[in-house]
Amino acid sequence: MARRTTPEPEVPSATNLPAPARDDRDSRTKHYLISMGIRTVCFVLAVLLWGPLRWASIVCMVAAVVLPYFAVVFANATNQRRIDVLGSVRPSDPVEQVEPRRDR
């Protein structure tokens, strides 16, 4: 009886799969909302502390201005592991360009 000479295909493991896209989106949404909540608190503190602690008010104002940028950047950052594990999608056969029909 002849032995198989071709290697068996590698079977993917369920533990190597990335988290579902929905979980990634929900996590990013939660972090964004927390950042915006902190920004709101910083803005309110900036208004309340303007008289007695002006330096603290300025720090809170700077935080209220800078936080939205970082919140958006982190909210748009997808899970890199998902891209690494799944890879990019490419067609197996190249698609030929079809010229548009010109009826005259």
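Above this note sits the structure.
Because the structure is predicted, anything quoted here is derived from the model rather than measured.

Visitor: Would you take a moment to explain the pattern of salt bridges for this structure?
Guide: Two side chains carrying opposite charge are able to pair once their charged atoms lie near each other. Evaluation of the coordinates by the stated rule reveals two salt bridges. Between arginine 28 and aspartate 24 there is a salt bridge, and its shortest N-O distance comes to 3.5 Å. Remark: aspartate 24 and arginine 28 occur in helix H1 (residues 21-48); sequence separation between them is four residues, near one turn of the helix. Between aspartate 26 and arginine 25 there is a salt bridge, with the nearest N and O atoms lying 3.5 Å from each other. Given the relative accessible area of 40%, aspartate 26 is considered partly exposed. Assessed through its relative accessible area of 45%, arginine 25 is described here as partly exposed.

Visitor: Even after reading the chapter, I still don't get the packing of aromatic side chains, so can you show me in this structure?
Guide: Each pair of aromatic rings is reported with the distance of its centres and the angle of its planes. Within this structure, the stated rule accounts for one aromatic pair. Ring geometry for tyrosine 69 versus phenylalanine 70: centroids 5.3 Å apart, planes at 75°, classification edge-to-face. According to the relative accessible area criterion, phenylalanine 70 is partly exposed, its value standing at 39%.

Visitor: What should I look at first to understand the environment of alanine 21 in this one?
Guide: Structurally, alanine 21 can be placed in helix H1. Sequence spacing of alanine 21 and threonine 78 is 57 residues, and the spatial spacing of their C-alpha atoms is 9.0 Å.

Visitor: What should I look at first to understand the packing of H1 against helix H2 (residues 54-76) in this one?
Guide: The packing of two helices is summarised by the inter-axis angle and the distance between the axes. Two numbers describe how H1 lies on H2: the axes approach to 8 Å, and their chain directions differ by 170°. Of the possible angle classes, the one that applies to H1 and H2 is roughly antiparallel. Two packed elements cross with a definite hand, and for H1 against H2 that hand is left-handed. For the pair formed by H1 and H2, the contact residues are Arg28, Tyr32, Ser35, Met36, Ile38, Arg39, Cys42, Phe43, Leu45 and Ala46 on the first element and Ser57, Cys60, Met61, Ala63, Ala64, Leu67, Pro68, Ala71, Val72, Phe74, Ala75 and Asn76 on the second. For the contact of H1 with H2, the residue count by class is 17 nonpolar, three polar and two charged.

Criteria and cut-off values
- Residues numbered from 1 in each chain as written.
- Predicted model: local features only at pLDDT ≥ 70, side-chain atom pairs only at ≥ 80, totals over all residues.
- Heavy atoms only, no water.
- Salt bridge = Lys/Arg side-chain N within 4 Å of Asp/Glu carboxyl O.
- Helix = DSSP H or I, 4+ residues; strand = E, 2+ residues; numbered from the N terminus.
- Buried < 20%, exposed > 50% of the residue type's maximum accessible area, 1.4 Å probe, protein only.
- Phe/Tyr/Trp six-rings, centres within 6.5 Å; stacked < 30°, edge-to-face > 60°.
- Axes fitted to C-alpha atoms, helices over the stretch in contact; angles between N-to-C directions.
- Parallel < 35°, antiparallel > 145°, perpendicular 65-115°, else oblique.
- Left-handed = near helix turned anticlockwise from the far one by under 90°.
- Contact = heavy atoms within 4.5 Å.
- Nonpolar A, V, L, I, M, F, W, Y, C, P; charged D, E, K, R; others polar.

Remember, this is a structural readout, not a statement about activity or role.
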